[in-house]
Amino acid sequence: MARLLLFNKPFGVLSQFTDRGSPTVRATLSDFIAVKGVYPAGRLDRDSEGLLLLCDDGRLQARIADPRFKLPKTYLVQVEGDPQEPALDRLRQGVQLKDGMTLPAEVARIDAPDLWPRDPPIRERKSIPDSWLKLTIREGRNRQVRRMTAAAGFPTLRLVRWSIGDWTVDGIEPGSFAEVSA
């Protein structure tokens, strides 16, 4: 039976167990997870938070991370500005990025979610509003959600991966993990 960990990755933590060669000390998975033989199934940028799956089974890892399987990944995204339907429609149709057209995303405006505080907090501007989106993609390019919202004219301020497929970070505190059956 494969081991599967659902980890709520805090802001500023690398999605790897070591950080050899870095001139500065940066937090890694080894600061939070002492389980031997598990590896991240995919990545989550250092400046993003939320669900990171770790497992000890190569086939499961491939099914989770490989874009060919188009496993839905849902993000709660705080953006700068007040996106209206035309901007959201751009995301729903797919966005042209430097590395090609993205697949269409599912996106909706949402009320500010009840999330843990981020450390450090995001910058706030009194003259520019911010909004929250729930965005689901089925591919995983480098910094894709951030690049998509920027291409639609709404830079990302905070990015929290909420779920991958049926697995969710709901109820897991930042820096903690839960082991579930795969």
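Structure: see above.
In this text the structure is predicted, and so the values were computed from the model without any measurement. (Residues numbered from 1 in each chain as written. Predicted model: local features only at pLDDT ≥ 70, side-chain atom pairs only at ≥ 80, totals over all residues. Heavy atoms only, no water.)

What follows concerns the pattern of salt bridges. Scanning the model with the defined rule gives 14 salt bridges in all. Across the pair Arg123 and Glu80 runs a salt bridge whose closest N-O atoms are separated by 2.8 Å. Separated by 43 residues along the polypeptide, Arg123 in the loop between β7 (106-110) and β8 (130-137) and Glu80 in strand β4 (residues 73-80) bring together distant segments of the chain. Under the relative-accessibility criterion, Glu80 is labelled buried at 15%. Here Arg138 and Glu106 are joined by a salt bridge, their closest N and O atoms 2.8 Å apart. (Salt bridge = Lys/Arg side-chain N within 4 Å of Asp/Glu carboxyl O. Helix = DSSP H or I, 4+ residues; strand = E, 2+ residues; numbered from the N terminus. Buried < 20%, exposed > 50% of the residue type's maximum accessible area, 1.4 Å probe, protein only.)

Here we come to empty space enclosed by the protein. Counted according to the given criterion, the structure contains two cavities of 30 Å³ or more. Taken as a whole, the largest cavity encloses approximately 50 Å³ of empty space. If you trace the largest cavity, you find it lined by Glu80, Arg123, Glu124, Arg125, Ile128, Pro129, Asp130 and Leu157. The residue inventory of the lining of the largest cavity, partitioned by class, reads three nonpolar, no polar and five charged. Its volume calculated, the second largest cavity comes out at about 40 Å³. What lines the second largest cavity is Val79, Pro83, Ala87, Leu88, Leu91, Leu133, Thr149, Ala152 and Phe154. Within the lining of the second largest cavity, the residues separate by chemical class into eight nonpolar, one polar and no charged. (1 Å grid on protein atoms, 1.4 Å probe; cavity = no way out; pocket = protein on both sides within 12 Å on 5 of 7 lines; lining within 4 Å. Points joined across faces, edges and corners; volume = space filled by probe spheres on them. Nonpolar A, V, L, I, M, F, W, Y, C, P; charged D, E, K, R; others polar.)

The analysis is restricted to geometry; functional conclusions fall outside its scope.
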